[in-house]
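Topology and contacts: notes
So you can see what is in the structure, the chains are spelled out below.
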Amino acid sequence: MTCPSNRRIGVFALVILAIQPWDSLVVDAAGEGWFQKLQLSWKNRVDDGASSAITAAAALTYLDHANAIFLPPYGGGSGGRDGGRVLAQDEEETLSMKVAEPLASAGVDPSRDEPLMGDLNLLSQMLSDLVNHEDHVAHDLYEHFRQLGLERAQAIDNAKPLQQMVASAERLTAKEAVGVVRIFSIMLNLVNAAEVHHRFRNLRKYALADGNDSEDPLPNIEDSIRGTINALLRSNGATPEQIYNQLLKQKVEIVLTAHPTQVQRKSLLKKYREVTENLNLLERSDLDGYGRAETKKTLQRVINSIWGADEIRRQKPTPQQEAAAGSAIVESVLWDAVPGYLRKLNEQCRMSLGKSLPIDRSPIHFASWIGGDRDGNPNVTPLVTEEVALQQRLRAARLLIRDLYSLQADLAISSRFSPELEALAFSIPESRHYTELYRRVIGHLLQRLIKAARQYEAQIAKLTSNAAEQTTGVEEIMMMDHGWQNVEPMYETEELLRPLLIIHDSLVQTGFELVADGLLVDIIRRLTVFGLSFLRLDIREESTRHTMALDAITKYLGLGSYEEWSEDARLSWLVSELANRRPLIRIDSIAECGFEPDVVKTLETFHTASKLHPSDLGAYVISQAQTASDVLAVMLLQKQFGMTPENGKMMRVVPLFETLADLTNAPDVLNTLFSISSYKGAVNGKQEVMVGYSDSAKDAGRLAACWAQYNSQELMAQCAASHDIELTFFHGKGGTVGRGGNPSVYRAIMSHPPATINGRFRVTEQGEMITQNFGATSIAERTLDTYTAAVCREAFAKHVNPSPEWREQMAKISERSCAGYRHLVREEPRFVPYFRQATPEVELGSLNIGSRPAKRKPKGGIESLRAIPWTFAWAQTRMHLSAWLGVSDGLKHPDENELKIMRDMYKQWPWFRETIDLICMILSKTDFSISANYDNKLVDGKDERILGNEVREKLVQTRQAVLDVTESKDYAGSHVALMRASAVIRHPYVDPVNVIQAEILKRVRALDARDENDLTAEELEELETLRDAVVISVNAIAQGMRNSG
């Protein structure tokens, strides 16, 4: 085999062949469609005229890019009994885990996924026909590039298709570049919409295979609560009573956050959701010919409207707009998905455990950072936080008013009431409902909610000077419910929940159980999860901001400089002041103290928080926390504004440990805090700690960060237990592997360090991952089911504790990996210039894809760049360097004994295996030649180009190091061919966009380098068009990669 000149020899990937005959996996070659052609290509390359019944074998083969790394997902050698992935001492992964995973992680099974290919052919044809009619030139260019993408996917060791793409991109005009990239972007979004539908088609198919007469509401798969209960009972891992009690006490809280690399506009997200819904409608067996034709017309209309929309944000979104986008997921999906899932969970418990769950209990909760996260975002002001909290209360009120109005219509019952219900009804002084007591109570509740909503509207109008927009949604019901002006407004969830529970009990007691179990129960469950605050709002701020505020105060009081005090001196003063009942300074005198604007802004944040309802707020998260005084400082600033444990207004204070050093020191910080008796009393024996996955990985590299997180959580848990403190970890994970993400929630939770979850799990969900996991009702219910099952199963798992030998080896791996990572990122002088030339990092900073700046400090270097755009930039070029840099250094073995130890760790230790497998997954998304093309187009300096080659050589070494540890050349055991869906489905679309993006970045930078006054009118117009093309290409690649940052 010859090696093309622009690539280095030694780029290897392991191809694992399935034990089953390839003929059973490949769609009939006579079928139409590009996917079948790819399948045939793979079949020919593997069979090569030999018998189709090839058993498990492996061959190191030179391939163009690592998307053809097929790794064994279930065992690989002696990883577990029957080749199963070890999840704990008493559990192995089963094949049911693959049923509903995203294809980007589960791979393509041609026999299973043929319907998906049919959907994609349908959508592709609709888009192609539309574009051909609207813009013939763009259509022809699209088909040309797509054909080259298909050819490259069919023959990935053939350099010619990529070379032809590069040459064709060079000939594009700016207008043509925008047109063709737009089509690819739309198609990639359509692929994702089709995949969402396909995942649940597979779930339905799996459920039907379980028996058509089964009344179980949830699928019998491992990462569903039904499968988890069955597995626990079957293995005697827990009794029905133990499982039931665990579900009662466990709590998963999913925290929605804004995402500075979320590229999709809210209006377009809704349209792509409509695509998924109409594909689902086409599956209905009772749909006649006319219905099918009309559904296809609807799909065409939706695609047409997408084509007509401007997918570029022309202005940066405000934090309020980001909060509205997060709230839209609750309004449009979760408001129905949460009670829908809890109804299914309750029924599953009744069928499997013999008990129903209390209707006012939920193992799932939601919160938000959007509008409260001010770390490095000057746009999140105190007024913004106040407005977002009010807007969320208004949204909850509107939704509940709508629900209660429907409930009032349902409960037109005029007899048989419980004594408690009668007492409640007749305590209402005025009502037009004299005999229909349920409607009498609900009518009064409606009036109180309307009064509260009107107050929120007035407060928002005062903040925003925009009253007209706020009144929509309540006016119609106000017309029907007179008298709301004369009642007390409703602010607390309990004020609504208690009467609804009385109504429920009355219905049950008087023979209306079925009525009670309808909409009423759904409303009660919504209240339990969302309350009247809709989403509890966390506040996050950097620790130095609090230090600056206290330093200003101590100087003002003549006490000296707090910032210059030692840690012991700070702690002594903080403990003393927390015990002192008087405030540090008068609240109304802050404006007269002469403080710097940043100090005033920090103090105003606490003032604003003190004015909000306590139920509006969640945690106060301290980013870059390093010491115990960082925590006490926030408690003291809360006390200054009247937020104390005694009055129930104090927000729980959550230190966020992010860097390698901070994670290492975190157990000592907790020990110091827990040794202060007044602190233990203030937190009432409970502590929450946030673990930063993104920044620790950016600081030290993936492997070193993972081990630091593991060790730190273990030691913090031990520290908390020794002080009799209930510890909850808050996991700050992103969508990508490089930021702690994992496409398999179940495996991720199961692989956490022992004794660190204990039924309590708090985690962030960001940007495109919110859409991916909660973008449709069925998807959201599935996600909630997986979280519930994983936390329940983890509570009973017999975890694998690493041996001293494994710990010693991980320490070596971590040290070597960190040194290798930091050498390149921090010490190599060529790296920063190379990074900024070879990736679109500079251009990302100017895109309107988030309210938060890309850097904490505008003039800072790599160290000040946020972890999200750091990861995002490398994902755009298909290098994904942030997720694997340092891995080859860590896994290199000076002797065979170390290699043997690492192989044992991979086979027997779920945490280590999951860590390595996630690196394998990200390696499968890297593309050697695409990355090299960015260098060829964008990197000017000779030294920087040499560095690019060295970086790609490190990629080669990383691939080989992973293969050495995983023993993928060991043919023992069952291997499953894992053909990445991205290689088969997405890359024919993504590859051309990468090539075009590199070309347009080159042109943009050339024009930007010139004085704007020297540019002609035509060149200025071309520059604006090219910048549009950059934005669209960023969107397209992000959708093709599925998780961007």
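Residues numbered from 1 in each chain as written. Predicted model: local features only at pLDDT ≥ 70, side-chain atom pairs only at ≥ 80, totals over all residues. Heavy atoms only, no water.

**Focus: the overall build of the protein chain**
- From N to C terminus, the protein chain includes 41 helices and twelve strands.
- Going through the 1045 residues of the protein chain one by one, you find that 63% of them count as buried.
- Carbon and sulfur atoms make up 50% of the accessible area of the protein chain, which amounts to about 38800 Å² in all. (Helix = DSSP H or I, 4+ residues; strand = E, 2+ residues; numbered from the N terminus. Buried < 20%, exposed > 50% of the residue type's maximum accessible area, 1.4 Å probe, protein only. Areas by Shrake-Rupley, 256 points an atom, 1.4 Å probe, with all protein chains shown as cover.)

**Overview of the pairing of strand β11 (residues 726-732)**
- The buried fraction of β11 amounts to six of the seven residues, a majority that puts the element mostly inside the structure.
- Relative to β11, strand β10 (residues 686-692) is paired through seven bridges, and the arrangement is parallel. Of the residues in β11, the one forming a bridge with V691 is H731.
- In the sheet, β11 pairs with strand β12 (residues 760-766) via two bridges, with the strands oriented parallel. Across the sheet, H731 pairs through a bridge with V763, a residue of β12. (Pairing = 2+ DSSP bridges.)

**Side note on the sheet that holds strand β7 (residues 536-542)**
- Read once around its circumference, the closed barrel built from eight strands follows the order β5-β6-β7-β8-β9-β10-β11-β12, with strand pairing classed as parallel. Sheet twist, expressed as the mean angle between neighbouring strand axes with direction ignored, is 25 degrees.
- The strands touched by helix α23 (residues 660-674) within the sheet are β9 (652-657), β10 and β11, with β9 carrying the most contacts at an inclination of about 150 degrees. (Axes fitted to C-alpha atoms, helices over the stretch in contact; angles between N-to-C directions. Contact = heavy atoms within 4.5 Å.)

**Considerations on the packing of aromatic side chains**
- This model, assessed by the stated rule, comprises 30 aromatic pairs.
- Consider the rings of W335 and F534, whose centres lie 6.3 Å apart with planes at 35 degrees: the pair is tilted. Residue W335 is found in helix α11 (residues 319-353), and its partner F534 is found in the loop between α18 (519-530) and β7; the two are separated by 199 residues along the sequence. Each member of the pair, W335 together with F534, is buried.
- Each ring, one from F761 and one from Y787, has its centre 6.4 Å from the other, and the planes form 40 degrees; the classification is tilted. Taken as a pair, F761 in strand β12 and Y787 in helix α29 (residues 777-796) lie far apart in primary sequence, 26 residues in all. For the pair formed by F761 and Y787, the shared burial category is buried.
- Positioned over the ring face of Y562 is R570, at 4.7 Å from the centre of the ring.
- For R762, the ring lying beneath its charged end belongs to F730, and the centroid distance is 4.4 Å. (Phe/Tyr/Trp six-rings, centres within 6.5 Å; stacked < 30°, edge-to-face > 60°. Lys NZ or Arg CZ within 6 Å of the ring centre and 35° of its normal.)

**Some thoughts on the nonpolar core**
- L881, L891, W909 and F912 are the most contacted members of the largest nonpolar core, which totals 116 residues.
- Top contributing element to this core by residue count: helix α6 (residues 174-209), with 14 residues.
- Ignoring anything within four residues of it in the chain, the contact list for F912 reads M810, I813, L891, M902, M905, Y906 and V965.
- Counting residues in each nonpolar core, the second largest holds 94 residues, with L218, M490, L497 and I757 among its members. (Core = buried A, V, L, I, M, F, W, Y, C linked by side-chain atoms within 4.5 Å.)

**Remarks on helix α20 (residues 567-579)**
- The end-to-end C-alpha separation of α20 is 18 Å, in line with the 18 Å expected for 13 residues at 1.5 Å each.
- Along α20, the residues that are buried comprise R570, L571, W573, L574 and E577.
- Where α20 is buried, its residues meet α19 (543-556), α22 (628-640) and α23. (Expected span 1.5 Å × (residues − 1).)

**Observations regarding the pairing of β7**
- In terms of burial, β7 is largely enclosed, as six of its seven residues are buried.
- Across two bridges, strand β6 (residues 364-368) lies against β7 in parallel orientation. Paired with S368 across the strands is L537, a residue of β7.
- Where β7 and strand β8 (residues 617-623) come together, five bridges link them in parallel fashion. Within β8, the position partnered with E542 by the bridge is S623.

**A closer look at the pattern of salt bridges**
- Applying the stated criterion across every chain yields a total of 61 salt bridges.
- Residue E495 pairs with R448 through a salt bridge whose shortest N-O separation is 2.3 Å. Here E495, found in helix α16 (residues 493-509), pairs with R448, found in helix α14 (residues 437-464); they are 47 residues apart in sequence, far enough to count as distant.
- A relative accessible area of 15% places R448 in the buried class.
- Its salt-bridge partner being R652, residue E688 comes within 2.6 Å of it at the nearest N-O pair. On the criterion of sequence distance, the pair formed by E688 in strand β10 and R652 in strand β9 is long-range, its members being 36 residues apart. (Salt bridge = Lys/Arg side-chain N within 4 Å of Asp/Glu carboxyl O.)

**Things to note about the environment of A883**
- Position of A883 relative to the elements: it lies in helix α34 (residues 881-884).
- Along the primary structure A883 and G701 are separated by 182 residues, whereas in three dimensions their C-alpha atoms are 7.4 Å apart.

**Focus: unusual backbone geometry**
- One non-glycine residue, R416, adopts positive backbone phi at about 65 degrees.
- Turning to its location among the elements, R416 is positioned in the loop between α12 (382-410) and α13 (419-426).
- Even without a glycine there, the phi angle at R878 is positive, about 65 degrees.
- Topologically, R878 is positioned in the loop between α33 (867-876) and α34.
- According to the relative accessible area criterion, R878 is buried, its value standing at 0%.

**Considerations on the confidence of the model for the protein chain**
- Averaged over every residue, the pLDDT of the protein chain is 84; the share at 70 or more is 82%.
- Confidence over residues 1-84 falls short of pLDDT 50; this stretch has 224 contacts with residues more than four positions distant or in other chains.
- Contacts for the low-pLDDT stretch residues 95-107, under 50 throughout, to residues beyond four places or in other chains number 56 contacts. (pLDDT = per-residue confidence, 0-100.)

**Overview of the side chain of S751**
- By secondary structure assignment, the location of S751 is in the loop between α27 (745-750) and β12.
- A distance of 3.0 Å separates a polar atom in the side chain of S751 from the backbone oxygen of A748.
- Each residue touching S751, except ones within four places of it in the same chain, is listed here: P910, W911 and E914. (Polar contact = N/O pair within 3.5 Å; in protein donor to acceptor, adjacent residues only side chain to side chain.)

**Digging into the environment of S414**
- Residue placement: S414 occurs in the loop between α12 and α13.
- The class for S414 is partly exposed, based on a relative accessible area of 46%.
- Dropping the residues within four chain positions of it, S414 is found in contact with T435 and E436.

**Considerations on the packing of helix α26 (residues 702-722) against helix α37 (residues 910-923)**
- Here α26 crosses α37 at 150 degrees, and the two axes come no closer than 11 Å. The angle between the axes of α26 and α37 places the two elements in the roughly antiparallel class. As α26 runs across α37, the sense of the crossing is right-handed. Only W911, T915, L918 and I919 of α37 make contact with α26, whose side of the interface consists of R702, L703, C706, W707 and Y710. (Parallel < 35°, antiparallel > 145°, perpendicular 65-115°, else oblique. Left-handed = near helix turned anticlockwise from the far one by under 90°.)

**Things to note about α19**
- The terminal C-alpha atoms of α19 lie 20 Å apart, and with 14 residues this matches the ideal 20 Å at 1.5 Å per residue to within 8%.
- Those residues of α19 that fall on the buried side of the exposure criterion are S543, H546, T547, A549, L550, D551, A552, I553 and T554.
- In this structure, the buried residues of α19 make contact with β7, α20, α21 (597-611), β8 and α22.
- Looking one or two places after α19, you find G558, whose phi comes out positive at around 80 degrees.

**A closer look at the side chain of S882**
- The residue S882 is located in helix α34 in this model.
- With residues up to four places along the chain from it excluded, the contact list for S882 reads W870, T871 and W874.

**What about a nonpolar patch on the surface?**
- A contiguous nonpolar surface patch, about 270 Å² in accessible area, is contributed by Y556, L557 and L559.
- Its place among the elements puts Y556 in helix α19. (Patch = residues over 30% accessible without salt bridge, like charges linked within 9 Å, V, L, I, M, F, W, Y side chains within 5 Å.)

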